[in-house]
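Notes for the structure review
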Amino acid sequence: KEHWKSHGVLAPKVELDLPAMLKRKEGVVSTLAQGIDGLFKKNKVTRILGKASFQSPGTLLVEDPNGGVPTKVEAKRVLIATGSKSASLKGVDVDGIRVCTSTEALSFSEVPKHLVVIGAGAIGLELGSVWRRLGSQVTVLEYLDRILPGMDAEIATEAKRTFEKQGLEFQLGTRVIRAAADGSKAVVESEGRPALTCDRVLLATGRVPNTDGLGLASIGVKPDARGRIPVDAHYATTAVGVHAIGDVIAGPMLAHKAEEDGIACVEHMITGFGHVNYESIPAIVYTDPEIASVGRSEEELKAAAVDYRKGTFPFAASGRARAIGKTEGKVKVLADSKTDRVLGVHIIGAHAGDLIAEAAMAMAFKASAEDIARVCHAHPTLAEGIKEAAMAAAFGRPLHL
């Protein structure tokens, strides 16, 4: 609808078939879930469906979801990997229909005329931008004075400008005090601002560990103030033989981080060795354009009094970005001013989520900006932007700008 005309492809009538879109989405999810089933069978993993709770550190009782007799499971070691759930917010009455979490927002039966998103983090922006592209008026309310808390501020500022061009409306510095259904609509009230009446509300103020009903108290495990399970360097809890990984422990709530936790935890159980380099865990916001980062932001480096150099390269100067019509965004490389070691890489632009893998690899092997700059990158590719930004960090300027 927006880009094909410039490529000479005319589509005068573009229509949305939302049921077909949702059916395809559900099919993809189902296929991936079946793939997990296949991996279980292949690796001789027994799956017991139901809600488990500890009776002792080595004993679990699993309730049958169909109301049958509970299953008692005993094990020398237990690994808690129950993930996270949407965080609640005082005054916001989630009913799953008018006031929703990300779970419901993935499956709206129709495009809301007006969607209010509470929270300008990754989830709120991802789903808000999706429904905006499908035709919704989207208003994003954020308590802080910026979007994407925790990400590099320069990149977040550019992202906000881009999303505003796409039609998202932002109300920053806004404290939501109430949100509830009101007949066929929903009403959102904020401190010092007029109330908003909309069709749907998405509560996206983060996620919290999913440990309800696990019976942690019965094994002497006490979550911290944020609901996370304390563990040692090898993911062991205070209960003998009980470990925890992923979203239920400290650290970024990311699927790939949880995967690395799990591998390291089990490797340590079996071999006595297991390690994750948390400095090179990438984070991605799946908007359009994508936003990705690894390592530390400028704000973090300044707060730690680290002397650094910065190199940037705009996708507008990339031949591949020009060819595909995706010239928004930039690559930003931060390197130690003395050692030239890469400390952080931040990208906003097309395929940023794929590009960040190179930066994560470089950081894992303690590469310098010059190391990246001297690696031959194929032309024309978007990855050349990382080379150019690294060149700017190492030598003071990119080659092709």
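Note that the structure is a prediction, hence the values are computed from the model and not measured.

**Re the packing of aromatic side chains**
According to the stated counting rule, one finds 1 aromatic pair in the structure shown. Seen from their ring centres, phenylalanine 108 and tryptophan 131 are 5.2 Å apart, and the 40° between their planes marks the pair as tilted. Note that phenylalanine 108 is positioned in the loop between helix 2 (102-105) and strand 7 (114-118) and tryptophan 131 in helix 3 (residues 122-133), a separation of 23 residues in sequence. For tryptophan 131, a relative accessible area of 3% translates into the label buried.

**Quick notes on a nonpolar patch on the surface**
A grouping of Leu79, Val266 and Ile270 is seen on the molecular surface, where their side chains present a nonpolar patch of about 260 Å² in accessible area. Along the chain, the position of isoleucine 270 falls in helix 5 (residues 255-271).

**Here's the deal with the nonpolar core**
Ranked by size, the top nonpolar core spans 32 residues in total, and within it Val331, Val333, Val345, Ile347 and Ile356 carry the most contacts. Within the residue set of this core, elements represented by two or more residues are strand 17 (290-295), strand 19 (330-336), strand 20 (342-349), helix 8 (352-364), helix 9 (369-373) and helix 10 (384-395). The residues contacting valine 345, other than those within four sequence positions of it, are Ala292, Ser293, Val294, Val331, Lys332, Val333, Ile356 and Ala359. If you look at the next biggest cluster of nonpolar residues, it comprises 27 residues, including Val117, Trp131, Ile155 and Val285.

**A look at helix 4 (residues 153-165)**
Note on helix geometry: an α-helix contains 3.6 residues per turn, so any two residues three or four positions apart are oriented the same way. Given a rise of 1.5 Å per residue, 13 residues ought to cover 18 Å, and the 19 Å separating the end C-alpha atoms of helix 4 matches this to within 8%. By the burial criterion, the buried members of helix 4 are Ile155, Ala156, Glu158, Ala159, Thr162 and Phe163. Buried residues along helix 4 cover an arc of 160° about the axis, so they all sit on one side. For helix 4, the secondary structure elements touched by its buried residues are helix 3, strand 9 (169-171), strand 17, strand 19 and strand 20.

**Quick word on the sheet that holds strand 11 (residues 185-190)**
Across the sheet, which stays open at both edges, the 3 strands sit in the order 10-11-12 with antiparallel pairing between neighbours. Edge positions in the sheet fall to strand 10 (176-182) and strand 12 (193-198), since each of these pairs with one other strand and no more. Across the sheet, the mean angle separating the axes of adjacent strands is 15° when strand polarity is ignored. Two elements, strand 10 and strand 11, share 6 bridges in a ladder whose sense is antiparallel. Along strand 11, the bridge assignment pairs aspartate 182 with lysine 185.

**Digging into helix 5**
Under the 1.5 Å per step criterion, the end-to-end length of helix 5 is 24 Å for 17 residues, consistent within 8% with the ideal 24 Å. Taken residue by residue, helix 5 has Lys257, Ala258, Asp261, Gly262, Ala264, Cys265 and Met269 as its buried positions. In this structure, the buried side of helix 5 is in contact with strand 4 (78-80) and strand 15 (242-244). Note on helix 5: the residue one or two positions beyond its end, glycine 272, has a positive phi of about 90°.

**A closer look at the pattern of salt bridges**
Under the criterion given, the structure shown has 21 salt bridges. A salt bridge links lysine 13 to glutamate 15, with the shortest nitrogen-to-oxygen separation between them at 3.1 Å. You can call lysine 13 exposed: its relative accessible area is 67%. Since its relative accessible area comes to 61%, glutamate 15 is described here as exposed. Lysine 330 is paired through a salt bridge with glutamate 154; the nearest N and O atoms lie 2.7 Å apart. Taken as a pair, lysine 330 in strand 19 and glutamate 154 in helix 4 lie far apart in primary sequence, 176 residues in all. Exposure remark for glutamate 154: the relative accessible area of 23% places this residue in the partly exposed category. Among the charged side chains, a network of salt bridges with common partners joins Asp152, Glu154, Glu158, Glu298, Lys310, Lys330 and Lys332.

**Some points on the pairing of strand 1 (residues 51-56)**
With 5 bridges connecting them, strand 1 and strand 2 (residues 59-63) associate as antiparallel partners. Following the sheet pairing, serine 56 is matched in strand 2 by threonine 59. Where strand 1 folds back on strand 2, the antiparallel hairpin that results is connected by 2 residues.

Parameters at a glance
Residues numbered from 1 in each chain as written. Predicted model: local features only at pLDDT ≥ 70, side-chain atom pairs only at ≥ 80, totals over all residues. Heavy atoms only, no water. Phe/Tyr/Trp six-rings, centres within 6.5 Å; stacked < 30°, edge-to-face > 60°. Helix = DSSP H or I, 4+ residues; strand = E, 2+ residues; numbered from the N terminus. Buried < 20%, exposed > 50% of the residue type's maximum accessible area, 1.4 Å probe, protein only. Patch = residues over 30% accessible without salt bridge, like charges linked within 9 Å, V, L, I, M, F, W, Y side chains within 5 Å. Areas by Shrake-Rupley, 256 points an atom, 1.4 Å probe, with all protein chains shown as cover. Salt bridge = Lys/Arg side-chain N within 4 Å of Asp/Glu carboxyl O. Core = buried A, V, L, I, M, F, W, Y, C linked by side-chain atoms within 4.5 Å. Contact = heavy atoms within 4.5 Å. Expected span 1.5 Å × (residues − 1). Arc of directions from axis to C-beta. Pairing = 2+ DSSP bridges. Axes fitted to C-alpha atoms, helices over the stretch in contact; angles between N-to-C directions.

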